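A look at the structure
Chain by chain, the residues run as shown.
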Amino acid sequence: MSNCENCPTKEDCKTKEGCMIENNPYNFVKKIIGVMSGKGGVGKSTVSALIAEELNKKGYKVGVLDADITGPSIPRLLKVKDKKVQSNELGILPVATENGIKVMSLNLLMEEEEQPVIWRGPLIAGTVKQFWTDVFWGDLDYLVIDMPPGTGDVALTVMQSIPINGIVMVSVPQDLVSMIVAKAVNMVKTMNIKVIGVVENMSYIICPDCNKKIRIFGSENTEEFLSKLDLKLLGELPMCSDIANLSEKDKTIQNASLDETVSIIIERIMLSVNENK
């Protein structure tokens, strides 16, 4: 897929009459992955950053669209918070990380990153759409969209305005959160978009003495949740300093086991988005 389901190439999408997906005509994005959750604070942006970094490590051209307008944390997680976007005749130019990931976030347009965004829903939704239509992403293998929590205006705009190949849900193993995530899952299914699966964050901690996994919330809730909604578990991420400190300067994951877990999650995501619908 390039710019919409019925346009196999960039040129087709630029010239096809009645194409429903508005886009920057200079862009050619092969696959688009949304990362979503029913509520904030579960690590959705962190998972988005991990997905982008792992895809980049595998040699793919990757971009990250930060659609969480009122809580944009992607610039910090990808260590570009001190950069600012530019523009030219092709559109708005995203900033690039040291390893070449393209990033677009509202915080990259703000004078101060702590400045609040006091906007109503339609303006926020319109801004997210512009991040798709007005940004020069160029040729990308994967665009990762860090979506806002919940099922409101912005999430709806993303699903209606951007040709998403599939959505990764982020949850934590608690009854209340799983119920809220279920609302997001059902929204995605209603919009006829594939739910790739669930990444369970904060799934366990590792005992520093015996190296045993300790599941604070238990595992029964997760199994029941996945079965009820017919979802795949893409992987479990622990509560650990490697993930918690990801936004700090020069901090990278130094845990071989965690690296392997993230790699498996990415392989499962890639397999899903490359399947024929």
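What comes next is a walk through the structure. (Residues numbered from 1 in each chain as written. Predicted model: local features only at pLDDT ≥ 70, side-chain atom pairs only at ≥ 80, totals over all residues. Heavy atoms only, no water.)

For the rest of this paragraph, the subject is the sheet that holds strand S5 (residues 95-96). The sheet built from 8 strands is open, its strands ordered S5-S6-S2-S7-S1-S8-S9-S12 with mixed pairing. The outermost strands of the open sheet, each flanked by one partner alone, are S5 and strand S12 (233-236). The sheet contact formed by strand S2 (residues 62-66) and strand S7 (residues 139-146) spans 5 bridges and is parallel. Opposite leucine 65, over in S7, you have isoleucine 145 as the bridge partner. With respect to the sheet, helix H2 (residues 44-57) is in contact with strand S1 (28-36), S2, S7, strand S8 (166-171) and strand S9 (195-200), its orientation differing from that of S7 by roughly 165°. (Pairing = 2+ DSSP bridges. Helix = DSSP H or I, 4+ residues; strand = E, 2+ residues; numbered from the N terminus. Contact = heavy atoms within 4.5 Å. Axes fitted to C-alpha atoms, helices over the stretch in contact; angles between N-to-C directions.)

With that settled, consider the packing of aromatic side chains. Under the counting rule described, the total for this entry stands at 1 aromatic pair. Seen from their ring centres, tyrosine 60 and tyrosine 142 are 5.3 Å apart, and the 85° between their planes marks the pair as edge-to-face. Here tyrosine 60 is found in the loop between H2 and S2, whereas its partner tyrosine 142 is found in strand S7, with 82 residues between them in sequence. Overall, the relative accessible area of 30% leaves tyrosine 60 in the partly exposed class. For tyrosine 142, a relative accessible area of 4% translates into the label buried. The ring of tyrosine 204 has lysine 213 lying over it, and the distance from NZ or CZ to the ring centre is 4.5 Å. (Phe/Tyr/Trp six-rings, centres within 6.5 Å; stacked < 30°, edge-to-face > 60°. Buried < 20%, exposed > 50% of the residue type's maximum accessible area, 1.4 Å probe, protein only. Lys NZ or Arg CZ within 6 Å of the ring centre and 35° of its normal.)

Turning to the pairing of S1, a few remarks are in order. In terms of burial, S1 is largely enclosed, as 8 of its 9 residues are buried. Judged from the 7 bridges that link them, S1 and S7 form a sheet pairing that is parallel. Of the residues in S7, the one forming a bridge with phenylalanine 28 is aspartate 139. In terms of strand pairing, S1 meets S8 through 4 bridges, oriented parallel. Considered in S8, the bridge of isoleucine 33 is made with glycine 166.

Let us now look at H2. Between its first and last C-alpha, H2 extends 20 Å over 14 residues, near the 20 Å set by a 1.5 Å rise per residue. Within H2, 12 of the 14 residues are buried, which leaves it mostly tucked inside the rest of the structure. Residues Lys44, Ser45, Thr46, Val47, Ser48, Ala49, Leu50, Ile51, Ala52, Glu54, Leu55 and Asn56 constitute the buried set of H2. (Expected span 1.5 Å × (residues − 1).)

Take it as geometry only, folks, not as evidence of what the structure does.
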